[in-house]
Amino acid sequence: MKSKIFLLVFFFALTSSFAQNVTVKGTVYESTDSPLPGVSILVKGSSLGTATDFDGNFTLEDVPLSSVLVFSYVGFQTYEVQIENDTPLTITLQEDAEALDEVILIGYGTQAKKEITGAVAVVGADAIEKLNPVRVEQALQGQVSGVSVTSQSGSPGSASNIRIRGVTTNGNNNPLILVDGNVIEDLSVINPNDIESINVLKDATAGIYGVRAANGVILITTKSGTKSSDLTFELDAYGGIQQTTREIPVLDATEYAVLVNEAFVAGGDTPPFLDFTQLGSGTNWQDEIFQTAPISDINFSVNKGWENSKLSVGTSYLTQDGIVGGSDANFNRFTGRVNYNLDFLKNFKLTTSAIYTTTNRKNLLENTLGSVLFNALNMAPNLTVRDENGDYTLAEGLGNEVINPQAQIENTYNNTKNEKISGVIGLNYSFLENFNIETRFQFNYAEVSGKVFSPEVYYGSGKVFNVDRNVVTEYQNIYRDYTWNNFLTYKNTFGDDHNLNALLAMEVIQFSGKFSGLTGFDIPGNSYENASIENATDVVDNYLNGGDTYDTRLLSYFTRAQYDYKGKYLLSVVLRRDASTRFGPENRVGYFPSVSAGWVMSDESFMEKSSWLNFLKWRVSYGIVGNDRIPDYGFVSLLNGEATYVLNDELIFGRAEGALANPEIKWERQKTFDVGLDMTFLDNKINVTMDYFNKTTDDLLLVPQVSGILGASAPGSRPPIVNAGSVENKGFEFQIGFSDDVSDDFRFNISYNMTYLKNEVTFVASENGFVPGGSFGVGQDPPARMEVGQPIGYFYGLKTDGIFQNQNEVDNHATQVNASPGDLRYVDINEDGQIDENDRTYIGDPIAPWSMGLNLGMNYKNWDFSASFFSSIGNEIIRNYERNQPLTNRSTYFLNRWTGEGSTDSFPRVTTGPNSNGLLSDFYVEDGSYLRIQNIQLGYAFNMDNSKGIDKFRIYTSVNNAYTFTKYKGYDPSASSGAPIGGGIDQGFYPIPRTYMLGVNLKF
């Protein structure tokens, strides 16, 4: 009996013990809400454990209740949780500044964030995902201090201008961009959804890229998967609509007729509208051309990891119609990506990646005199789109450039196709414990083809866009480049405290291309369907005089030594030697040294008692970087110009010297200095980064004004390139972020960044002391200049001092040609009693001295919310989208014009008579400051049962470019041509559309 009772008790005890073991499931995130793969999970005090998969998910069976799970991951604080039941866990690991921290890409290598001695900023995949940018550049604005992104246009597929710490040259200011180590000039071929991270090198740490690094370096890493991970599929898709954010208020037909009559009467002419009471509102031409346009994007990727290899494959398709032109301005992009890494042996590894892209774009004329938007603003509202015969209305009497914008869209055929493949293959071998050798080959091959057809069309009397004979142009341009790198790395620790990492490398780069293009006339039927060179007559080779090839090469050797003592005192030294074929034999080679140092002050013993400070590091760097972005062969004379010779009393067309040569041109050199501070405190919840920088660019490569007798204005020719200027950019950057798990259900993060920038030209070697650029109105002098003591590209014109109120004021003022009461009164700057070109002066700066970004996010249970803001403060924009012809339309602020003495002192009269109100002055300069709500997104993630094979199912809605607060009267204060001299002149910028989107994220 006792034995039976014992067995019964033992049975219940055993059953109870088994009942206390559970299966624990969950997901591990980092503080930015991105899942963490590869996190180690162990039952404390045992060998039972597992690791998170690619999506941060884990399942651990047979876990005893009341036991403790330990979550650990390199660079993050260890986290422990006691198991009380089988409720799924959501774990967020916090970054640990005291540990090895996250690994950052720094150029030809990686480094722990804690040990970085330069100004390096990182934008992760999670931030890109929330913004849903069409182009990669859009993901940088407001995310990184010191980086300015302005749109060249809001049209589908249009590019953006990226400026890192200011405008450093009057030439090409684009940063060097590398995708998986491969040079990519055109970011339209990159799918933002493929990006794992974007690293921005802003200071002398970019010096390891030598001659190409003067404008900063952007390193983009694409997704490559995770080893030892299950096969996973990911689908990200969204669809939406786009609308214009603004229509410029213009006069309706009745208001227009009143002002036109008033102008004609003031000019002594007969008013054209004898009865305008029946005109009504007339045609709003902006309503006619703006439309709601669709946009959609679908991305699909597959990831798989094995013990010694990993694979990531992705494909996507984007299509976007224009808010102007609709499907006639469509942009579409297909991309395919493959990343595969294989460890042949523990010390012998292969890395490969390839990206294939096809883009198609239909182009409309934009951002210039006579563009579609320019015409919509200036077209008379009393005219209808079509006349009584159903034909497009002619724009008679509106000047030579203004035409019916709807007719313009219908008769525009300008299509471009870009096919590009980029690839990287590398082998890495480690030997003798401390040595590593790597060879890497990268290539790009692109074919850009297009067809432009101009049908016979008549827009009105004397229009510059009239075509009397139809013409078609077909072209195909081939671009090739390759880069071959070889690296030898030595890494060792001496005496436990001294760490050394040395790099010795060489690099060979070649850029080459072949251009071809033919132009033909008289297409049968005057139709696009028949438009081809085969159907044309009088076919002309567009490259008959040469210029159809280019070949640029760069040979480089460089070395870097990184040393630290106990991870506390840090030093990095770089020396690079570049030889470029863009310079003559005497100046071909350049040397670019840089040095940076850091002090992890928080590791000092006197800081140990600080309870609030977790990490504090000081950084300083100085270096010289270069720039060779000029046309090829500028140091030699080429016979690629055009000339006409008389032989035997006949005109013979032939070749002549092209661009004037300068055998003395040499490297553009930039000296860059930076001192910075990185810190985290309050349990790593708050992080702060501050930097002061000073960049001076000497020996600027520019094209000066030269005498016409040199022949620089002949067909195919131009002035020589010379080293003749210096520009200084200095400023301050500040960034602060806060992240915290407020409760088990609520997480919150916010970050703010600010940049102050001062740009000043310090030297110009020009005969007249300045370099002009840009255009304003018709037939006026260039409105922008590069001149000593001023910011590069500053606006140069007349200053106004109100409005002449009566004839007495006119008589008592300096002589101003054709001045009458109601006209602008210009300031006599030189006090010579005459208003003329010598009274022009500084009237504005296109470079914003202040820029700010604010990004916030929060998660409550299954809901997530994010928003981003950006502000640009202090720059000016020239308003140049008004044609100012007697019968063109006007903006509604003309309703506040001067109509008599005392009526206004800010806006001149309207008149057809002679006056000087159209001269460039500060009357046309406006404050371009703005605050933009860039993105708002709200999402919901459903609780998914992994047994159904779905790991994540999230839906979201978002608004991009939600609202812009600005006093600027034009379409978009953020747009710019990007020209260093002549940027910031608004000729009817195509506005960035507001986009409403609905999307889904699915992982299974």
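As recorded in an unreviewed UniProt entry, the chain goes by the name TonB-dependent receptor, listed as coming from Lutimonas vermicola. According to the UniProt record, the Sequence similarities (unreviewed entry) comment for the chain reads "Belongs to the TonB-dependent receptor family." For the record of the chain, the UniProt heading Subcellular location (unreviewed entry) holds the text "Cell outer membrane".

A. Summary view of the overall build of the chain. Counting secondary structure elements, the chain contains 7 helices and 52 strands. For 1004 residues, the compact-globule formula gives about 30 Å, and the C-alpha radius of gyration of the chain, at 32 Å, lands near that figure. The C-alpha extent of the chain, read off along each of the three principal axes, is 130 × 70 × 65 Å. Per-residue burial over the chain gives 52% buried out of 1004 residues. Taking the contacts inside the chain whose residues are at least 6 apart along the sequence as the reference set, 70% of them involve residues at least 24 apart. Of the roughly 43,100 Å² that the chain leaves accessible, carbon and sulfur atoms contribute 55%. Side chains of the chain carry 73 positive and 118 negative charges; the gap between the two charge centres is 7 Å.

B. Fine view of unusual backbone geometry. Positive phi is not limited to glycine here, since Asp62 has a value of about 60 degrees. By the secondary structure assignment, Asp62 is in strand 4 (residues 57-64). Among the residues examined, Asp62 registers a relative accessible area of 47% and is labelled partly exposed. We note that Leu682 has phi near 55 degrees; this positive angle belongs to a residue other than glycine.

C. Layout of helix 3 (residues 253-266). The terminal C-alpha atoms of helix 3 lie 20 Å apart, and with 14 residues this matches the ideal 20 Å at 1.5 Å per residue to within 8%. All of the buried residues along helix 3 are Ala253, Tyr256, Ala257, Leu259, Val260, Asn261, Ala263 and Phe264. One side-chain oxygen of the residue at the start of helix 3 lies 3.2 Å from the amide nitrogen of Thr254, identifying that residue as Asp252. Once helix 3 ends, the next one or two residues include Gly268, with phi positive near 80 degrees.

D. Just the sheet that holds strand 2 (residues 40-43), in detail. Taking strand neighbours across the sheet as the criterion, the 4 strands line up as 3-2-5-6 in an open arrangement whose pairing is antiparallel. Each edge of the sheet is formed by a strand with only one pairing partner; in this case those strands are strand 3 (49-51) and strand 6 (79-82). Sheet twist, expressed as the average angle between the axes of neighbouring strands with direction ignored, equals 20 degrees. Bridging between strand 2 and strand 5 (residues 68-72) involves 4 bridges; their strand directions are antiparallel. The residue bridging Ser40 from the neighbouring strand is Ser72, located in strand 5.

E. The arrangement of the nonpolar core in detail. With 61 residues, the main nonpolar core has Ile289, Val324, Leu373 and Ile878 as its most contacted residues. Elements represented by at least two residues in this core include exactly helix 3, helix 4 (285-289), helix 5 (372-378), helix 6 (405-410), strand 43 (824-826) and strand 47 (876-879). Among the elements that take part in this core, helix 3 stands out by supplying 6 residues, more than any other. Those residues within four positions of Ile878 in sequence are excluded, and the remaining contacts are Phe776, Pro783, Phe795, Leu920, Tyr924, Val925, Tyr968, Gly984, Ile985 and Asp986. In terms of nonpolar packing, the next biggest core, distinct from the first, is built from 25 residues, Ile128, Val144, Ile162 and Val179 among them.

F. Expanded view of a nonpolar patch on the surface. Nonpolar side chains collect at one region of the surface, where Tyr563, Leu571, Val573, Val595, Val620, Tyr622, Phe673, Val675, Tyr692 and Phe732 lie side by side and expose about 740 Å² of accessible area between them. Looking at the nonpolar patch, the elements with two or more residues in it are strand 28 (569-580), strand 30 (613-627) and strand 33 (668-681). Checked against the element boundaries, Val620 lands in strand 30. What makes Val620 partly exposed here is its relative accessible area of 34%.

G. Focus on the confidence of the model for the chain. With 96% of its residues at a pLDDT of at least 70, the chain reaches an overall mean of 89. A low-confidence stretch, residues 1-19 (pLDDT under 50), is modelled with 0 contacts involving residues beyond four sequence positions or located in other chains.

H. Molecular detail of the pairing of strand 10 (residues 120-124). Side-chain alternation along strand 10 places Ala121 and Val123 on a buried face and Val120, Val122 and Gly124 on a face that remains uncovered. Bridge analysis of strand 10 against strand 15 (residues 195-201) gives 5 bridges, and the strand direction is antiparallel. In the strand pairing of strand 15, Ala121 is matched with Val200.

I. Just the pairing of strand 33, in detail. Of all 14 residues making up strand 33, 10 are buried, and the element is well covered by its neighbours. Of the pairings in the sheet, the one linking strand 30 to strand 33 comprises 14 bridges and is antiparallel in character. Bridge pairing links Val625 to Gln670 in strand 33. If you look at the hairpin formed by strand 33 and strand 34 (residues 686-698), you'll find 4 residues sitting between the two strands, and Leu682 has a positive phi there, around 55 degrees.

J. Highlighting the pattern of salt bridges. This structure, assessed with the given rule, holds 36 salt bridges. Notably, a salt bridge pairs Asp628 with Arg582, separated by 3.6 Å at the nearest N-O pair. You can see Asp628 sitting in the loop between strand 30 and strand 31 (641-647) and its partner Arg582 sitting in the loop between strand 28 and strand 29 (589-600), a full 46 residues away along the chain. A single burial state applies to Asp628 and to Arg582, both of which are buried. A salt bridge links Lys969 to Glu926, with the shortest nitrogen-to-oxygen separation between them at 3.8 Å. Residue Lys969 is located in the loop between strand 50 (952-966) and strand 51 (985-986), and its partner Glu926 is located in strand 48 (residues 925-927); the two are separated by 43 residues in the primary sequence. For Lys969, a relative accessible area of 32% corresponds to the partly exposed category. On the basis of relative accessibility, which here comes to 7%, the residue Glu926 falls in the buried class. In this structure, a network of salt bridges that share partners links the residues Arg165, Lys202, Lys617, Arg619, Asp674, Asp678, Asp691 and Glu733.

K. Spatial organisation of the packing of aromatic side chains. Following the criterion strictly, the structure yields 41 aromatic pairs and no others. Relative to Phe681, the ring of Trp612 lies with its centre 5.7 Å away and its plane at 70 degrees, an arrangement referred to as edge-to-face. Highlighted residues: Trp612 in the loop between strand 29 and strand 30 and Phe681 in strand 33, separated in sequence by 69 residues. For the cation-ring pair, Arg747 lies above Tyr29, with the distance from its terminal atom to the ring centre recorded as 5.6 Å. Note that Arg890 overlies the ring of Phe894, its terminal NZ or CZ placed 5.5 Å from the centroid.

What counts, and at which threshold
- Residues numbered from 1 in each chain as written.
- Predicted model: local features only at pLDDT ≥ 70, side-chain atom pairs only at ≥ 80, totals over all residues.
- Heavy atoms only, no water.
- UniProt positions renumbered as here; feature names shortened; annotations may be inferred.
- Helix = DSSP H or I, 4+ residues; strand = E, 2+ residues; numbered from the N terminus.
- Rg over C-alpha atoms; globule rule 2.2 N^0.38 Å.
- Buried < 20%, exposed > 50% of the residue type's maximum accessible area, 1.4 Å probe, protein only.
- Contact = heavy atoms within 4.5 Å.
- Areas by Shrake-Rupley, 256 points an atom, 1.4 Å probe, with all protein chains shown as cover.
- Lys, Arg positive; Asp, Glu negative; His and termini not counted.
- Charge placed at Lys NZ, Arg CZ, Asp CG, Glu CD.
- Expected span 1.5 Å × (residues − 1).
- Polar contact = N/O pair within 3.5 Å; in protein donor to acceptor, adjacent residues only side chain to side chain.
- Pairing = 2+ DSSP bridges.
- Axes fitted to C-alpha atoms, helices over the stretch in contact; angles between N-to-C directions.
- Core = buried A, V, L, I, M, F, W, Y, C linked by side-chain atoms within 4.5 Å.
- Patch = residues over 30% accessible without salt bridge, like charges linked within 9 Å, V, L, I, M, F, W, Y side chains within 5 Å.
- Salt bridge = Lys/Arg side-chain N within 4 Å of Asp/Glu carboxyl O.
- pLDDT = per-residue confidence, 0-100.
- Phe/Tyr/Trp six-rings, centres within 6.5 Å; stacked < 30°, edge-to-face > 60°.
- Lys NZ or Arg CZ within 6 Å of the ring centre and 35° of its normal.

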